[in-house]
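Survey of secondary and tertiary structure
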Amino acid sequence: MIGYSDLGLHRIGLFATRHPKFAWPVLCVALFLAIFGVSNLKTDASLTKAFHSGTPEYHTYQKLTSTFPGSEHDIFVLVQGADLFKPEVLAALQELHFELPLIDHVQSAASIFALRKSVSTSPDPDPLIPEEVPETKAELDALEQAILSHPMARQRLISPRTRDGQLTIFALSIDPEKDDAKLRSLLIGEVTEVSKQLLQPLQLEFTIGGVPMARQELLQATKTDAKVFSALGFLVGLIIGAFVFRRWQFVIVASVCPLIAIVAGIGTIGLFGGLYSPFMNGIPPLIMAIAFTDCMHLLFAIRGNAQSGMPVEQAVQRACEEVGPACGIASLTTAAALLSLALAPSPLVQEFGLWAAAAAIVAVCIVFLALPLLCLVAFRGMANPETTPHLDSFALLARGCRRLGGFVKTHSFKISIVSLLLTVVLAATYYALEPRYRLSDQVPINGSFRVVNTTLDRFIGGSGPVYVVVRWDPKSAPSDTKLFRAVSAAHTVLQAASPERNVLSLKSLGSGFPDMPDASEAQSVEAMTLFSSDVQSRLLQRARGGALVSVLMPDINADEMAPFAASVDQALGAVRQQHPEFSFVVTSLPVLLAEGAPSLISQINKSLIAAFAVVIAMLALMFRSWQAGAISLLPNVLPVFTAGCVIYLIAGGLEYASIIALTVGFGLAVDDTAHFLNRLKLEHEKAGPMSDPVSAALEHVGPILVVTSIILVCGLAVTAFGELRTAYLFGTTCIAILIGALVADLLILPALLFVMSRHKALRLWC
């Protein structure tokens, strides 16, 4: 037997079997602490936490958000209608502009009703839209033309009329100190209610967006998905367990243990103060996978022992002794694979790796503790659990695996060569995958944030801002003229990089108006000082030493956004030389994500390669054989490379969810190998001179691998019902790996073992 190669984890099961009176209180205390941890679990829906690191790009973005909080705390109300320039519609929109700032924690509202005429009309320009809305068509047409040509409004606050109607935007500046989950929910609710009261009577459509809305939706989706995945996963396990075992006692044990394990795993995070982020939604399926797999292997062993005439206590104890070490090894190797994520530079990814690894260990410990106790209660006094042979699906699978074993033995060399060549081809395809990232892919599929981005891209050509931040030392503030010249130079660079878009800056306050398209420098400087503080605060923060130059870009992938930002930064080189007292940096949330995502994904990918080496080395160490580690490499890396090809087909490149799923899936794939090698060792120990340990191991463990893989695939398929695309991608990737691992462990691993058994130099180590 394997002995202590699993660090003695299986001894928890032996303890529970031999001392149930002591084990029950331990389980109850553990469950109480887990429930307490779940009740105290806090969620985190930050869009940037994955990039909280010491990189210059992140520090630059931090400075932006501290100088201009609106870049991360503005809420947008998008209003859409067939004709926004009807008198009654304008009047309702104007009332909305005045009502929204009255909501608690809303500091100001920017909309077409905050626009002013150019400084050429008056030193203190009047509002472009008067308090009394015009009534005649001529006046309304002239007003519409003035607004559409206003430099602060075009491609910003209003769109031209199209076949889809017309769009206008209200940007609400929110107090950053009040942007927490509870207040944010109340605030969004009030904004929604006010907008509904004023706009619905006129049949105007409205949508609420902005980063706060994205956080709120992400938070809600994270909670919902966690509940849905856990509930549906439990239901799937219940149904399939009933089909396989056909005894309610087995079904209850096989279903309750994973449920307790999920509660314990999630509760551990809350108990030790961890935050439950959208990344953590991969943990419930992971725990379910580990717990169901361990339960199935142990229950099949218990059933087999009981059928041979053992009493319940002895059947459970023997199962823990024979199968338990493999369950422990599988969980330890899974935890080792997940710990590779701790090498990533992102705190969010590191936390996921650490908590997921802890969950893997907690899951197997809970199974070892709970399953024997439940079995002692459920199976006591039960008659021999043998089923009618022609109805026993397990027996049918065993016959199929026996035939498969004969085929693999006959063609073992061919299968080994083909699998080796296939691995090389798929590995080349996998390493050709490019990192991919898009902000809208990280939020709920049907959420307002994504709808808003799509609407903005369609109506005004852009939803993602790119900023050039002009900075200076606040202690030695430059003159207005020097500041204007520096901002104007940056404005020119950004406009040249995106000539078809409307660049907004302090320069826009004094030029671009219909009556003065080419304002003099003196007039522009004067306009810069005259405009209202609400307008200026979005473009200039004198006390904090910063000014903004911005352009709106479409919601594009990182491989498009990052080169654009880099080209702008390069073009600013000459501006930096001309204005040495200022600094010029390119940043924004889309830019940060675009610049950081490829690097972070690539580093996680490298850590996965490290996980290959560590896990294979662990298998060799735990089975005390280098051959066991070496022969495990091919069947475990091939499923990962296969999943890489699936990722390319459904996503086009590596994303956060997929690269983390590859790591999780690799850890789960190793589970099958650990159980197969464990059974091989057991079969070899009792083998006679004419026996075939490889075929016997395949016949014994193959059906269990098939059943557990079906359960896991069906359980992970529930991610298709989630609100987040990342959850779907995670589930699909894990499913691809599990299917690939099943094929590899039923075909490739036995083939390699058959080839090894024929060569004395490579004979089986058992």
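To start, this report covers the structure provided alongside it. (Residues numbered from 1 in each chain as written. Predicted model: local features only at pLDDT ≥ 70, side-chain atom pairs only at ≥ 80, totals over all residues. Heavy atoms only, no water.)

**Some details on the overall build of the protein chain**
We count it as follows: Every helix listed is a DSSP run of H or I at least four residues long, and every strand listed is a run of E at least two residues long, numbered separately from the N terminus. Working definition: with a 1.4 Å probe on protein chains only, accessible area under 20% of the residue-type maximum means buried, over 50% means exposed, and in between means partly exposed. Working rule for contacts: check all heavy atoms of both residues, and any pair within 4.5 Å makes them a contact. A 1.4 Å probe and the Shrake-Rupley method give the accessible areas. Residues count as covered only by the protein chains that appear here.
Tallying secondary structure elements over the protein chain gives 25 helices and 10 strands in all. Counting the 766 residues in the protein chain, one finds 59% classified as buried. A fraction of 81% describes how many contacts in the protein chain between residues 6 or more apart in sequence connect residues 24 or more apart. As displayed, the protein chain offers around 30,100 Å² of accessible surface, 61% of which is attributable to carbon and sulfur atoms.

**Description of the environment of glutamate 560**
Positionally, glutamate 560 belongs in helix H20 (residues 558–578). Overall, glutamate 560 belongs to the partly exposed group, its relative accessible area being 44%. In sequence terms glutamate 560 and alanine 594 are 34 residues apart; their C-alpha atoms lie 8.3 Å from each other.

**Re the nonpolar core**
Note the threshold: Buried Ala, Val, Leu, Ile, Met, Phe, Trp, Tyr and Cys residues that are joined via side-chain atoms within 4.5 Å together make up what is termed a nonpolar core.
Ranked by internal contacts, the top residues of the largest apolar core, which has 240 residues, are Ile147, Ile283, Leu371 and Leu662. When near neighbours in sequence (up to four residues on either side) are disregarded, leucine 662 contacts Tyr430, Leu608, Val640, Ala643, Ile647, Leu654, Thr733 and Ile737. Leu78, Phe459, Ile460 and Leu552 belong to the second-largest nonpolar core, a separate cluster that totals eight residues.

**Topic: the sheet that holds strand E8 (residues 540–541)**
Operational definition: DSSP calls a pair of strands paired once it identifies at least 2 bridges connecting them. Each axis is a line fitted through C-alpha atoms, and for a helix only the stretch in contact is used; angles between axes span 0 to 180 degrees, taken between their N-to-C directions.
Reading across from one edge, E8-E9-E7-E10 is the order of the four strands in this open sheet, with antiparallel pairing throughout. Both edges of this open sheet fall to E8 and strand E10 (583–587), since each of them pairs with a single strand only. With two bridges connecting them, E8 and strand E9 (residues 546–553) associate as antiparallel partners. The residue bridging glutamine 541 from the neighbouring strand is glycine 546, located in E9. Running over the sheet, helix H17 (residues 480–497) touches strand E7 (464–471), E8, E9 and E10 and is turned about 15° from E9.

**Focus: the pattern of salt bridges**
Put simply, the rule reads: For salt bridges, the criterion is a side-chain nitrogen of Lys or Arg within 4 Å of an Asp or Glu carboxyl oxygen.
Applying the stated rule across the entire model yields 18 salt bridges. Note that glutamate 699 and arginine 402 form a salt bridge whose closest N and O atoms lie 2.8 Å from each other. Placement of the pair is glutamate 699 in helix H24 (residues 693–716) and arginine 402 in helix H14 (residues 393–410), with a sequence separation of 297 residues. Using a relative accessible area of 26% as the deciding quantity, one classes glutamate 699 as partly exposed. Overall, the relative accessible area of 43% leaves arginine 402 in the partly exposed class. The partner of glutamate 500 in a salt bridge is arginine 501, and the shortest N-O contact between them spans 3.3 Å. One continuous salt-bridge network, built from bridges that share partners, spans Arg436, Arg438, Asp441, Arg450, Glu655 and Arg725.

**Remarks on empty space enclosed by the protein**
Note the threshold: A cavity here means a set of 1 Å grid points, computed over protein atoms only, where a 1.4 Å probe fits but cannot escape. A pocket is an open set with protein on both sides within 12 Å along at least 5 of 7 lines, and lining residues have an atom within 4 Å of a point. Grid points are joined across faces, edges and corners, and a volume is the space filled by probe spheres set on the points. The residue classification treats Ala, Val, Leu, Ile, Met, Phe, Trp, Tyr, Cys and Pro as nonpolar and Asp, Glu, Lys and Arg as charged. All others, Gly included, are polar.
Under the defined criterion, the tally for this structure stands at four cavities of 30 Å³ or more. Considering the residues around the second largest cavity, the lining is formed by His297, Val323, His675, Asn678, Arg679, His700, Val701 and Ile704. Where the lining of the second largest cavity is concerned, the elements lending two or more residues are helix H23 (656–685) and H24. Classifying every residue of the lining of the second largest cavity gives three nonpolar, four polar and one charged.

**Structural notes on helix H25 (residues 725–757)**
Here is the rule: Multiply 1.5 Å by the residue count of a helix minus one, and that product is the helix's expected span. Note on bend: at a given residue it equals the angle between the axes fitted to the 7 residues ending there and to the 7 starting there.
An ideal rise of 1.5 Å per residue puts 48 Å on 33 residues; H25 measures up with 46 Å between its terminal C-alpha atoms. Along its length, H25 shows its largest kink, about 40°, at alanine 744. Counting buried residues along H25, 28 of its 33 residues qualify, which places the element largely inside the surrounding structure.

**Digging into the side chain of aspartate 74**
Structurally, aspartate 74 can be placed in the loop between helix H4 (70–73) and strand E2 (75–81). Since its relative accessible area comes to 7%, aspartate 74 is described here as buried. The contacts of aspartate 74, once residues within four sequence positions are left out, are Leu172, Ser173, Ile174, Gly209, Gly210, Val211, Pro212 and Arg538.

**What about the packing of aromatic side chains?**
The criterion, for reference: Aromatic rings from Phe, Tyr and Trp, taking only the six-membered ring of Trp, are treated as a pair when their centres fall within 6.5 Å; an angle between ring planes under 30 degrees marks them as stacked, one over 60 as edge-to-face, and anything in between as tilted.
A full pass over the atoms with the stated rule returns eight aromatic pairs. Ring plane angle 85° and centroid distance 6.3 Å describe the contact between phenylalanine 612 and phenylalanine 641, whose orientation is recorded as edge-to-face. Highlighted residues: phenylalanine 612 in helix H21 (residues 589–622) and phenylalanine 641 in helix H22 (residues 626–651), separated in sequence by 29 residues. On the basis of relative accessible area, phenylalanine 641 is assigned to the buried category, the value being 6%. These aromatic residues form a ring-pair network of at least three members: Tyr430, Tyr431, Phe612, Phe641 and Phe666.

**Remarks on the sheet that holds strand E4 (residues 166–174)**
The four strands are arranged E3-E4-E2-E5 in an open sheet whose pairing can be described as antiparallel. Across the chains shown, the open sheet's two edge strands, defined by having one partner strand only, are strand E3 (106–110) and strand E5 (205–209). The sheet shows a mean angle of 20° between the axes of neighbouring strands, direction not considered.

**Observations concerning a nonpolar patch on the surface**
To keep things clear, this is the line we draw: The patches described consist of residues with a relative accessible area above 30% and no salt bridge, like charges being joined within 9 Å and nonpolar side chains (Val, Leu, Ile, Met, Phe, Trp, Tyr) within 5 Å.
A grouping of Val29, Phe32, Leu33, Phe36, Leu271 and Phe272 is seen on the molecular surface, where their side chains present a nonpolar patch of about 620 Å² in accessible area. It is helix H2 (residues 20–39) that provides the largest number of residues to the nonpolar patch, a total of four residues. Of note, leucine 271 is situated in helix H9 (residues 248–271). For leucine 271, a relative accessible area of 34% corresponds to the partly exposed category.

**Things to note about a negative patch on the surface**
Our working definition: Here Asp and Glu are counted as negative and Lys and Arg as positive; His is not counted, and neither are the chain ends. Every charge is mapped to an atom, namely NZ of Lys, CZ of Arg, CG of Asp or CD of Glu.
On the surface, Glu88, Glu131, Glu132, Glu135 and Glu139 cluster together into a negatively charged patch. Within the secondary structure, glutamate 132 sits in the loop between E3 and helix H6 (137–148).

**Looking at the packing of H20 against H21**
Operational definition: For classification purposes, angles smaller than 35 degrees are called roughly parallel, those larger than 145 roughly antiparallel, those between 65 and 115 roughly perpendicular, and all remaining angles oblique. When the near helix sits turned anticlockwise from the far one by under a right angle, the crossing is termed left-handed; a clockwise turn instead gives a right-handed crossing.
Across the interface, H20 lies against H21 with an axial gap of 8 Å and an inter-helix angle of 110°. Between H20 and H21, the interaxial angle falls into the category roughly perpendicular. For the crossing formed where H20 meets H21, the hand is left-handed. Between H20 and H21, the residues in contact are Ala558, Met561, Ala562 and Ala565 and Pro590, Val591, Ala594, Glu595 and Pro598, respectively. Among the residues making up the contact of H20 with H21, the classes are represented as eight nonpolar, no polar and one charged.

**Quick look at the environment of histidine 411**
Mapped onto the elements, histidine 411 comes out in the loop between H14 and helix H15 (412–430). Given the relative accessible area of 28%, histidine 411 is considered partly exposed. Each C-alpha atom, one on histidine 411 and one on leucine 747, is 10.0 Å from the other, the two residues being 336 residues apart in sequence.

**Structural notes on H17**
With 18 residues, H17 ought to run about 26 Å at 1.5 Å a step, and its terminal C-alpha atoms sit 26 Å apart, in line with that. For H17, every residue scored as buried is listed here: Leu483, Phe484, Ala486, Val487, Ser488, Ala489, Ala490, His491, Val493 and Leu494.

**Some thoughts on the pairing of E7**
Among the eight residues of E7, eight are classified as buried, and the element is accordingly described as predominantly covered. Taking every second residue as pointing to the same face, both faces of E7 are buried, with Gly464, Val466, Val468 and Val470 on one and Pro465, Tyr467, Val469 and Arg471 on the other. When E7 meets E9, the two strands line up antiparallel, connected through eight bridges. Across the sheet, the residue bridging to tyrosine 467 is serine 550, located in E9.

**Some thoughts on unusual backbone geometry**
Excluding glycine, residues mostly have negative phi values, and the peptide bonds linking residues are mostly trans. Even without being glycine, glutamine 155 reaches a positive phi, approximately 55°. Looking at where glutamine 155 falls in the secondary structure, it is placed in the loop between H6 and E4. Its identity is not glycine, yet glutamine 203 carries a phi of approximately 55°, on the positive side. By secondary structure assignment, the location of glutamine 203 is in the loop between helix H7 (181–199) and E5.

Such coordinate-based values are descriptive only and should not be taken to indicate function.
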